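Here is what each chain is made of, one letter per residue.
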Amino acid sequence: MRDNDINRNMLRIVRVFIVMFVVLIGNLSYIQVIKGDSYTNNPLNPRIANKENSTLRGDILDRNNKKIAYSQKEENKVKRVYPYSMLFANSAGYVGKNIGSAGVEQTENSSLSGVNMLLHQLGPLEQLFAAEKGNTVKLTLDENIQKAAWDAMGNKRGAVVILNTKTGAVLAMVSRPAFDPNGVEENWQALRTDPQSPLLNRAAQGLYPPGSAIKPMIADAALEQGVINTTEKINCGPYYDLGNGQKIYEADKAVYGNINLEEGIIHSSNVMFAGLAVQMGDKGLENAFKRFGFYDELKTDFTQQNAHLSDFAKLSRGETAQVGIGQADLLISPLRMAMLASAFGNQGKMMKPYMVDEILSPGGTTLQKNSPAVFKEVTTQDRANTINSYMENEVLKGTGRNAAVKGITIAGKTGTAENSFGADHAWFIGTAQVKDEKISFAIILENSGFGGAEAAPVIKYVINTMLRED
Amino acid sequence: MYYLKNKTLCLQALLPALAMLIFYIRDNSVATTENLVITTAACLLFIAVPLASRKFIKNIDGYILPLICFLCSMSLIMMLRLKMSLFHAQFRWIVIGMILMFLTIYFSEKLLRLLDYPYILGLCSIIVIGSVIIFGTEIGGGLNWIVIGPFQMQPAEFSKLLILGFLASYLQENQNMLNLPNRHWGFLYLPPLRFFAPLVVIWGIALLIFVYQRNLGFALLFFGMAMMMTYAVTSNKSYIFLAVVFFIIASFFSYMVFAHVRVRVIIWLNPWADPMGQAYQIVQSLFALGYGGLFGTGFFQGSPEIIPIVHTDFIFSAIGEEFGLIGVLAVIMTYLLIFFRSIKIAFSCTNEKYKLLSFGIAGTMLLQSFIILAGDTKLIPLTGITLPFISYGGSSMLSEFMAMGLLLAISAKENYRARQ
């Protein structure tokens, strides 16, 4: 029966085919199901980028609904427009095809792009939920305040951070020099290699020696640890002798005579604070920095740099004294200094800073709203009020006079920080009640001299602008 | 039950209409008279052809044509999605293909009589394949095309049928000789050389020409066809052993001599070495399949146009992206169902030539799908070959329909005989 032979042989071949197709289907399932995610997210796969491009990127708004960034179609090409050019370059950031993104554009990308890979798992049903435009991100920044701070800085390098004292909302975050986010892709090479580092957000990521601006915290620690009380007087000037020939001088080698803690703040006495630091010792200083949250990780909706603190266990007597006046190797960002000032203006409560107020759907429905949160209770209500009143007096009759605005209560502390890059950095931190909003601020102008002379007028200008509003 | 079955087999005809509706929702301007006429015609054609064939051709297999219509409607909607001009052209090829299929069925008596002249079939196939060397034009890196006026055709597609005819009739006529090995070559049992020389010569020449034309897909397909058919007739493992040895030597030789073969193999071994260059196609194919996942992105929601020449070699990846694993499994199952229905025809044949020919047609179609599907999914090195009834292309569509015409004619014949 040869006929059956052929049938038998054909059946064997059919079996081979079945095995081949089982292998094929197995491999296909492996590619589409198990390897699916890894292929989808492979950077060489243009599909997610295409999808993001086909969805119009959402807007970024300031707190008064002014558009900081938006996308528009121009001749089939989608363009990201930043109408305020350099003003929000380091806070709102940029987004580019080949250069990635930074700022809010980066941290809020999943909201702005409108692409949700979880929905992708649903297959074709994704289309039911997919949006044609990304969500709107409404920031806490205020264009008026931001602009005022930018203008007030002039052409100096540095940063201004202004927070709402009660909530922690960031009202202004300026870093100069900046760049134009509209042309960042074209100028990428030049920007990246610019020695002035315009791409660095100095306000949240720049680290500086705090100088005398740290003194309110040292004063609080000294009161807490009982090395001084509010009435005790110390003979100050012209220098603090560390022994073995090292001396810490008052600014301009002034002599203040017997002064109390309040006058020490008002005059920003180096001799007094060097002495207090030495009395508190390494452990006392370390505890103070811990209490004020400098060792705590700050997780918020923008990128920031934690402080660099001294290794307190290894400090010499001279370095301990330097910590008291904000030198040694302390490095702190303007944001953290503004938070420090806010604690004294807010009964000892340091609020967690945040920049994204709301996420809105393209139609305007609120999808997510940030609520203020306490970052840390750093000191008692009494001590906070005491230190704050000292700082108010510094503005009324001390080194912070240049910030004074008639009829406005301002508490401030100047700082003039020595550094290894040239002239001193000028600092001014503090709080102010402007109409119904209490603001906290930190200003640093790099290598520009005395804090009282250079940095304090910046906040005066900002407050005056805020008063002129409406 | 019978009623329900009939209706179910017509459902595939709705696909072009649904696809056009989805397209229309996205873009109103697609609703031109021409497009609407073609869509309507396609829907009617895919209902009418299976029904009419059952009505007018007695004892014809009732499942194969609806399944083919499903593949054709998949092809049409993918062309619609990829490029409107391909949609029009592909519809034209489907219509011509179906006409050709009915003509083949009508003239099947005369055509099948050709099986009595194996050497003529073999010679014709060599001439058809070889004609490309003389008249051929190089398109897309392969010397596979003959251009006559406005038409381009790929003779290799048509030579498939001739080679199948040759194999079926030669093997059947010489099976006694081939089955009675009287020579011991080591552990191999083979008949005298003169009995299987014509087979080796015709098959070897065809293979060499394909390699020379850089048509690796067909080289692989023809190799597989010959192995399959020879085994079906002889079940002599010595042939398989020889073929495998030959395949290894030929592969090694091609790898050393032909740069294009070497490139294919290198890409297959490590596509991630040059994912944006030589391996771009296969890497993007994997991305498409992976992005599609289990359910697919949905019709029109993927980006299959990223893959170069997606409408021929990589049409399967486009289906995988937009219809997901579920969609491609449906396509694969359709091929398997057509294959099993065809094998059933082959089993029921009493005429051994018909048996071998129908088995060859079914096996070739399945093998061809496997070669391109496995290439698209990086299971084997990629060789450019069409996916039967789905890839864009006139030659492929026409030759597949002709093959199916022969198969259906045989089925009608054998069923008729069985009922006598």
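Residues numbered from 1 in each chain as written. Chains lettered and ligands numbered in written order. Predicted model: local features only at pLDDT ≥ 70, side-chain atom pairs only at ≥ 80, totals over all residues. Heavy atoms only, no water.

**A closer look at the overall build of chain B**
Stated formally: The numbering of helices and of strands both runs from the N terminus, where a helix is a DSSP run of H or I of at least 4 residues and a strand a run of E of at least 2. In this setup the radius of gyration rests on C-alpha atoms only. A globule is expected at 2.2 Å times the number of residues raised to 0.38. With a 1.4 Å probe rolled over the protein chains alone, any residue whose accessible area is under 20% of its type maximum counts as buried; one over 50% counts as exposed, and the rest are partly exposed. The Shrake-Rupley method, run with a 1.4 Å probe, gives the accessible areas here. Residue values count only the displayed protein chains as cover. For this count, His and the chain ends are skipped, Lys and Arg are scored as positive, and Asp and Glu as negative. Charged groups are reduced to one reference atom each: NZ for lysine, CZ for arginine, CG for aspartic acid, CD for glutamic acid.
What chain B contains, in helices and strands, is 17 helices and five strands. In terms of C-alpha radius of gyration, chain B reaches 22 Å, essentially the compact-globule figure of 22 Å for 420 residues. With the principal axes as the frame, chain B shows a C-alpha extent of 70 × 60 × 45 Å. With 420 residues in all, chain B has 57% of them scored as buried. Only carbon and sulfur atoms are counted for the fraction: they give 71% of the accessible area of chain B, which is about 17500 Å². Within chain B, the 17 negative side-chain charges are centred at a point lying 10 Å from the centre of the 26 positive side-chain charges.

**Here we look at the pairing of strand β18 (residues 422-434) of chain A**
Residue and element names in this part refer to chain A. Our working definition: Two strands qualify as a pair provided that DSSP identifies no fewer than 2 bridges between them.
Inspection of the sheet shows strand β17 (residues 410-419) paired to β18 by nine bridges, in the antiparallel sense. Across the sheet, the residue bridging to lysine 413 is isoleucine 429, located in β18. Hairpin connection, β17 to β18: the antiparallel pair is bridged by two residues. Strand direction decides the pairing type here: β18 and strand β19 (residues 437-445), joined by nine bridges, are antiparallel. Its bridge partner lying in β19, isoleucine 429 is registered against alanine 442. Counting the residues that bridge the hairpin from β18 to β19 gives two residues, and of these lysine 435 lies at a positive phi of roughly 50 degrees.

**With respect to the sheet that holds β17(A)**
Note on sheets: strands pair through backbone hydrogen bonds, and any given pair is parallel or antiparallel. Residues and elements named next belong to chain A. We count it as follows: All axes are obtained by fitting lines to C-alpha atoms, using only the stretch in contact for helices, and the reported angles, taken between N-to-C directions, cover 0 to 180 degrees. Working rule for contacts: check all heavy atoms of both residues, and any pair within 4.5 Å makes them a contact.
Within the open sheet, the five strands sit side by side as β8-β7-β19-β18-β17. Their pairing is antiparallel. Edge positions in the open sheet fall to β8 (170-176) and β17, since each of these has one partner strand only. With direction set aside, neighbouring strand axes in the sheet form an average angle of 10 degrees. Lying on the sheet, helix α8 (residues 143-153) is in contact with β7 (158-164), β8 and β19; it crosses β8 at an angle near 30 degrees. Seen against the sheet, helix α16 (residues 381-397) touches β17 and β18 and runs at an angle of roughly 80 degrees to β17.

**Observations concerning the pairing of strand β2 (residues 67-74) of chain A**
Two faces, one strand: in a regular strand the side chains alternate between the faces of the sheet. All names here are of chain A. When strand β1 (residues 60-61) meets β2, the two strands line up antiparallel, connected through two bridges. The residue bridging isoleucine 60 from the neighbouring strand is alanine 69, located in β2. Hairpin geometry of β1 and β2 is characterised by an intervening segment of five residues between the two adjacent antiparallel strands and by a positive phi of about 65 degrees at asparagine 65. Note that β2 and strand β3 (residues 77-81) share five bridges and pair antiparallel. By the bridge assignment for β3, glutamate 74 is matched with lysine 77. Hairpin remark: β2 followed by β3, antiparallel, with two residues in the connecting loop; positive phi at glutamate 75, about 50 degrees.

**Some points on the side chain of Thr379(A)**
Residues and elements named next belong to chain A. This is how it is decided: Each polar contact in these results corresponds to two N or O atoms within 3.5 Å; when the atoms are within protein, one needs to be able to donate a hydrogen and the other to accept it, and residues that are neighboring in sequence are counted only if both atoms are side-chain atoms.
Within the secondary structure layout, threonine 379 lies in the loop between β16 (374-377) and α16. The class of threonine 379 is buried, set by a relative accessible area of 8%. Of note is the side chain of threonine 379, whose polar atom sits 2.6 Å from the side chain of aspartate 220. At a separation of 3.2 Å, a polar atom in the side chain of threonine 379 contacts the side chain of arginine 383. In this view, threonine 379 contacts Asp220, Arg291, Phe292, Gln347, Gly348 and Ala384; residues no more than four positions away in its chain are not counted.

**Some thoughts on the domain arrangement of chain B**
Residues and elements named next belong to chain B. Applicable threshold: An automatic or database domain assignment is the source of the domain bounds shown. Accessible surface is computed with a 1.4 Å probe, and the buried area is the amount of it that two parts give up when combined, taken over both parts together.
In terms of domains, chain B is made up of domain 1 (2-106 + 262-419) and domain 2 (115-257). Here domain 1 and domain 2 have C-alpha centroids that lie 25 Å from each other. Tallying the contact residues gives 31 residues for domain 1 and 32 residues for domain 2. In total, domain 1 and domain 2 occlude about 2500 Å² of area from one another, counting both sides; carbon and sulfur atoms represent 74% of this.

**Concerning unusual backbone geometry**
With the exception of glycine, most residues fall at negative phi, and the peptide bonds are largely trans. Residues and elements named next belong to chain A. Look at the link from arginine 176 to proline 177: it is a cis peptide, with omega at 0 degrees. You can see proline 177 is positioned in the loop between β8 and α9 (188-193). The backbone phi angle of alanine 328 is positive, close to 45 degrees, even though this residue is not glycine. Examined against the element boundaries, alanine 328 turns out to sit in the loop between α14 (317-324) and α15 (334-345). With relative accessibility at 33%, the residue alanine 328 sits in the partly exposed group.

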